[in-house]
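So the chains spell out like this:
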Amino acid sequence: METGFWVSLSIGLAFLVDFVIRVLAVIIVPRNRKPTSATAWLLAIFLIPYIGILFFLLIGSYKLPKSRRQKQEEINRFIIDSTDGIERVRRDHPWPTWLEGVVELNRKLGAMPLVGGNRASLNGDYQGSLDAMADEIRKARRYVHIEFYILTLDKTTAPLFDELEQAVQRGVTVRVLLDHIASLRTPDYKRTLKRLTAMGAKWQLMLPVQPFRGKYQRPDLRNHRKLLIVDGRVAFMGSQNIIDRSYNKKSNIRRGLKWKELIVRLEGPIVAGLNAIFITDWYSETNELLRRETEPITDDIDDNELDAQVVPSGPGFAGENNLRLFLALLYYAQERIVITSPYFVPDESMLMAITSAVQRGIAVDLFVSEIGDQALVYHAQRSYYEALLRAGVRIWMYKAPYILHAKHFTIDDDVAVIGSSNMDMRSFQLNMEVSLMVRGRSFVEEMRQVEDGYRKDSRELTLDEWMKQPLRSTVLDNLARLTSALQ
């Protein structure tokens, strides 16, 4: 009799706990969360309550700690008060009527202004980009600021590390930021840190997950930015990490995978803006606020100089800065949109903007990889192909064994955006990213040449071909799409 009582009591308590979890989930989960994300979390909690609630407690909050958000607000005020190059914005050539509003949007979201008098050149050669960065480090006289999602010492990147070491020996201050979790997963992580320490570089892990040292936030909140600034004179940014193009993974090497990237080299006032992003992240990790140095600006303005605006984004900001910029440009497009994104998992607003553009008569091209390196994202991305193809989007699949990892898009003949941000919900909400909006026909034309090169090395996916996909692929794609909403 006594045993039966305790069994009944245990069952009753289990039902009560389960009921309380479900009620609390309905109250807490949807708060300040997108309906799709809230629904996905509620499904997980209701179907597998104990596991679902555990995962929600671990990764359910996409906000950075309050102290980090306060630092972002502080640094934003610093940026606003110390910006050069605004007066050099070219207004002698007609702007699109909508561009002023986009510039103001970016300014309010990320504090950075549009600045003029810049020069930019694209580099899509993987080894060539590393060589170009190493060459500029060789010329450094004051400082090198290097911030990358993944930075690792291997046979491909060794020459760049050699230049960093020689720069330190010349008396150049070398500061290095690398993402903790992303770099930790590389085979040469410990060797990389030892080399940085031995050469005398000042280095710091970004968003470290070290709970025993009092450093913890949601583990999959990552700093995905890629930046190199030398002496405030020249900067590089884009999609490429500092690692071999196979990412040194056995599975990638076995499959023969090679990453295809795009980096932009910049000179002019915009370099100070990118350095301000580094200063922000250095301050967040070290509590050291660096002096924001800029190079003297010459009075002569070349006809080929460009207007550019840095747009930082991530959980340190109140709004989804990159998503808002992308949506504004998609809706303002008048003639043509070309998107390149390795991980294309749009939310409802972006999917609506893209399909609406086609229905407005805008030609829309999307470049993705034919194969994927991350199964879950690859299948989630595929789940959108039918809707895009039916709307009239032309999908170009960059041929294997290359992973088209470049991240950029162009709007008409007026504006291009390049940076670290994918067009997926992770980049919109969870990752710290940096994008660069460039206004200038010469730069857009250079980007068009890059896109034409992609087209030659791609095959077009048709709706007829897509509808022949086996049922198992469709099931996998749809399941992966559901998990992508767990933000």
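Residues numbered from 1 in each chain as written. Predicted model: local features only at pLDDT ≥ 70, side-chain atom pairs only at ≥ 80, totals over all residues. Heavy atoms only, no water.

**A closer look at the overall build of the protein**
No. 1: Helices and strands together make up the secondary structure of the protein, namely 19 helices and 17 strands.
No. 2: Taking all 487 residues of the protein together, 56% fall into the buried category.
No. 3: Counting only contacts in the protein whose residues sit at least 6 apart along the sequence, the fraction spanning at least 24 positions is 82%.
No. 4: When the accessible surface of the protein is split by element, carbon and sulfur atoms take 56% of a total near 21,600 Å². (Helix = DSSP H or I, 4+ residues; strand = E, 2+ residues; numbered from the N terminus. Buried < 20%, exposed > 50% of the residue type's maximum accessible area, 1.4 Å probe, protein only. Contact = heavy atoms within 4.5 Å. Areas by Shrake-Rupley, 256 points an atom, 1.4 Å probe, with all protein chains shown as cover.)

**Here we look at the side chain of N422**
No. 1: Examined against the element boundaries, N422 turns out to sit in the loop between β15 (415–419) and α16 (425–430).
No. 2: In terms of polar contacts, N422 uses its side chain to reach the side chain of K407, at 2.6 Å.
No. 3: Excluding residues that lie within four positions of it along the chain, N422 makes contacts with H224, F326, S341, P342, Y343, K407, S427 and F428. (Polar contact = N/O pair within 3.5 Å; in protein donor to acceptor, adjacent residues only side chain to side chain.)

**Brief notes about the environment of I411**
No. 1: Relative to the helices and strands, I411 resides in strand β14 (residues 408–411).
No. 2: Residues I411 and A333 lie 78 residues apart in sequence; the distance between their C-alpha atoms is 5.8 Å.
No. 3: In contact with I411, not counting residues within four places along its chain, are W98, L329, L330, A333, R336, I337 and R448.

**Thoughts on the packing of aromatic side chains**
No. 1: For the coordinates displayed, the defined rule picks out 10 aromatic pairs.
No. 2: Between F326 and F409 the ring centres are 5.1 Å apart and the planes differ by 90 degrees, which places this aromatic pair in the edge-to-face class. With F326 in helix α12 (residues 321–332) and F409 in strand β14, this residue pair connects regions lying 83 residues apart in the sequence.
No. 3: The class of F326 is buried, set by a relative accessible area of 2%.
No. 4: You can call F409 buried: its relative accessible area is 2%.
No. 5: Summarising the aromatic geometry, the rings of Y385 and W466 are spaced 5.2 Å apart at their centres and angled 70 degrees between planes, so their arrangement reads as edge-to-face. Here the residue Y385 occupies a position in helix α15 (residues 385–391), and W466 occupies one in helix α18 (residues 463–466), the gap between them amounting to 81 residues.
No. 6: One aromatic cluster is present, formed by F367, W396, Y398, Y402 and Y454 through successive ring pairs.
No. 7: The lysine or arginine in question, R455, covers the ring of W396, its NZ or CZ lying 5.4 Å from the ring centre.
No. 8: Just above the ring of Y384 sits the side chain of R481; from NZ or CZ to the centre is 3.9 Å. (Phe/Tyr/Trp six-rings, centres within 6.5 Å; stacked < 30°, edge-to-face > 60°. Lys NZ or Arg CZ within 6 Å of the ring centre and 35° of its normal.)

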